[in-house]
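Chains, contacts and geometry: an overview
This is what each chain is made of:
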Amino acid sequence: MRVNFLGGGFMVVFDFEVFRYDWLFVSLDLETEQYTIIENDRQQMIDYYEKFKQDIWIGYNCKNYDKYILQAILEGISPKLVNDYIIGGGNGWQLFKNKLDINLYDCMIIGKSLKQLESYFGVDIRETEIDFNIDRPLTAKERASNIEYCKSDVYNTALVFMYNKQEFEAQLGLIKLSCGSLQDLSKTKAQLSAKILEAKALPIEILREEWQFEYNQCVKDYDYKHKDVLKFFDSLRETKDAKAKYECELYGVPHTFALGGLHGAVPNYIHAINEREYIVHIDVASYYPHIMTEWGFLTRAVPSIQKFKDIMELRLKYKKEKNPLQAPLKIAINGSYGQSGAGKQLDDGSYKILSNMFDPRRMREVCINGQLMLLQLIEDLEQFDLIQSNTDGLVYRIPIERMDEVKTIVKAWEHRTKMTMEFDYTTFIAQRDVNNYIAVFDNGKIERKGGAVKESKPCDYDLHVVKDAVVEYFVHGIPVEEYINSINELAPFMKTYKLMGSYVLALHGDEEQHGKVFRVFASRSRNDKCLYKQKENKNKEKFAGCPERCKIVNSDIRGLAVPSWLDRNWYIEQANKEIGKFTKSNT
């Protein structure tokens, strides 16, 4: 049986290809796994749309492109004209008087093209050989090739959707909680959250209070040892500098206070516990939401703090019951801080508002008071070894016999600040800085943070073998050479590059390349060259981090074994360089 969503929709994945004299529509029914192909037949496209317009249409960048190609065909407008307008930087919505009646879900991952994700999947990413501006109708052979190309894109869009289906399910949950319809699939989570919280946009005179932020009572009452930090925040009322930051040292650990949060860490800290100590992660439970409710700093666009508290309680109830609606409620709750800052003042004094929940003063008050409350705990625990500070928690090395003393101090802090702390225990930590570390918890879970060690996922799969080699070295003591030489599948060695911005050309050595996305591997062959990018009328530039000798493999690599030409030593060197950044040595 097909799954029905919110009383209306089944799901199809779709894509368009547009040429001067031809257009192609391909869809894939996710239930039947059957493709529909429509070429140059407006009436057939109208019939398909009328039959399936109550379904959910899933695409990649479809909100900005495919939606308007469809509308052009339905209204009898040349899809090529609309295509060229959008590709040239125009907004499709400017071309149409009426809004298209469609339940649209865009599974696009911001900052990544579909071709880039296809590279991670290991599939064939070679661009079509057919010029989209070809000045004649396509031949039968070209049309057949175009269909296969488009079907491949549709299938891979379906993969992107399935790999990130939790995002779609969260969106459906937000729609249900906001009493919306499937047409709300195209709305942002911020828009739906604002609707759930019944937010109303604030008048401009309130928005202008951004720098009139206040401290809560526990901050006012505390006698800080580091009054220089208070002085920094006080100065912002005059400077109104949103990019300002204050760097200082707290008990031997470098720290940064700023309007994005608190960060501090012992650099290049590597430690495994012994039987006489703990490494303790002390984190504030739902820090920002509780600052909003306990200290009255919720965005004033939400008419009732009690409404927000009720939603927090409902989310806890749903979580205990394992009700899937707890996930969208968590988004609405945790996103409330970000939405309070979803806007900015323009040079003419007006405001660009991206959410009805925009309230810059409350955003400042939450972030600043949050940092100053954590500073209190850092000062209260000054006799213990601080390893790391971040926006909502601290990491300490504590002798076992003094753990009760720590908990007593934390309890007093909780009472004073009205917050609740959670304790987790780590057996090992390798920390380059606050944004790059590996932590092994006492339950065996490994936390990997930072580009050099983060866990690879299907939609983010660059240099997987290097990241895993670094983690295996620190966590299990496996030499880098041993680990990398044990991997016999080609895919984990890939690095994907994409032409972006004003770069118009890629070159392999001096040879011009077709396309914008390239899957490369370090090569032992002296015939292989580096990959470069080039702006118009400028000298070529090396892609950052590209091997001096690399091979481009844009064909399907799934299941391929490591070939003899692969330069494993290059990957070993990269892993050792990353390890050296953690140990501050020339490993």
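Rules used throughout
- Residues numbered from 1 in each chain as written.
- Predicted model: local features only at pLDDT ≥ 70, side-chain atom pairs only at ≥ 80, totals over all residues.
- Heavy atoms only, no water.
- Helix = DSSP H or I, 4+ residues; strand = E, 2+ residues; numbered from the N terminus.
- Buried < 20%, exposed > 50% of the residue type's maximum accessible area, 1.4 Å probe, protein only.
- Contact = heavy atoms within 4.5 Å.
- Areas by Shrake-Rupley, 256 points an atom, 1.4 Å probe, with all protein chains shown as cover.
- Lys, Arg positive; Asp, Glu negative; His and termini not counted.
- Charge placed at Lys NZ, Arg CZ, Asp CG, Glu CD.
- Phe/Tyr/Trp six-rings, centres within 6.5 Å; stacked < 30°, edge-to-face > 60°.
- Pairing = 2+ DSSP bridges.
- Axes fitted to C-alpha atoms, helices over the stretch in contact; angles between N-to-C directions.

1. Details of the overall build of the protein chain
A count of helical and extended segments in the protein chain gives 18 helices and 24 strands. Summarising its shape, the C-alpha atoms of the protein chain cover approximately 80 × 60 × 55 Å along the three principal directions. Taking all 587 residues of the protein chain together, the buried fraction comes to 51%. Taking contacts inside the protein chain between residues at least 6 apart in sequence as the whole, the part at least 24 apart equals 65%. Summed over its atoms, the accessible surface of the protein chain is roughly 28400 Å², and 48% of this surface lies on carbon and sulfur atoms. Counting 79 positive and 85 negative side-chain charges, the protein chain places the averaged centre of each group 2 Å from the other.

2. Notes on the packing of aromatic side chains
Given two aromatic rings, their pairing is described by the distance between the two centres and the angle made by the two planes. Enumeration according to the criterion identifies 31 aromatic pairs in this entry. Relative to phenylalanine 25, the ring of phenylalanine 14 lies with its centre 6.3 Å away and its plane at 35°, an arrangement referred to as tilted. With phenylalanine 14 in strand 1 (residues 11-18) and phenylalanine 25 in strand 2 (residues 23-29), this pair connects stretches of sequence that are eleven residues apart. Across this residue pair, the class does not change: phenylalanine 14 and phenylalanine 25 are buried.

3. So, the sheet that holds strand 23 (residues 541-542)
Strand order in the open sheet formed by four strands is 20-19-22-23, with antiparallel pairing between adjacent strands. Of all the strands in the sheet, just strand 20 (511-513) and strand 23 have a single pairing partner and so form its edges. Two strands pair when backbone bridges link them, and strand 19 (residues 503-508) and strand 22 (residues 531-535) are joined in this way by five bridges, in the antiparallel orientation. When the bridges of strand 22 are listed, alanine 506 appears paired with lysine 533.

4. Quick notes on the sheet that holds strand 21 (residues 517-522)
Read across the open sheet, the three strands follow the order 18-21-24; overall the sheet is antiparallel. Looking at strand neighbours, the two that pair on one side only are strand 18 (495-498) and strand 24 (550-552), the edges of this open sheet. This sheet shows a mean twist of 35° between the axes of neighbouring strands, independent of strand direction. As paired strands, strand 21 and strand 24 are joined by three bridges and run antiparallel to one another.

5. Focus: the environment of arginine 276
Structurally, arginine 276 is set in the loop between strand 9 (269-272) and strand 10 (277-284). Here the alpha-carbon distance between arginine 276 and valine 480, two residues 204 residues apart in the chain, equals 31 Å. In this structure, arginine 276 is in contact with Pro399, Ile400 and Glu401, ignoring residues within four places of it in sequence.

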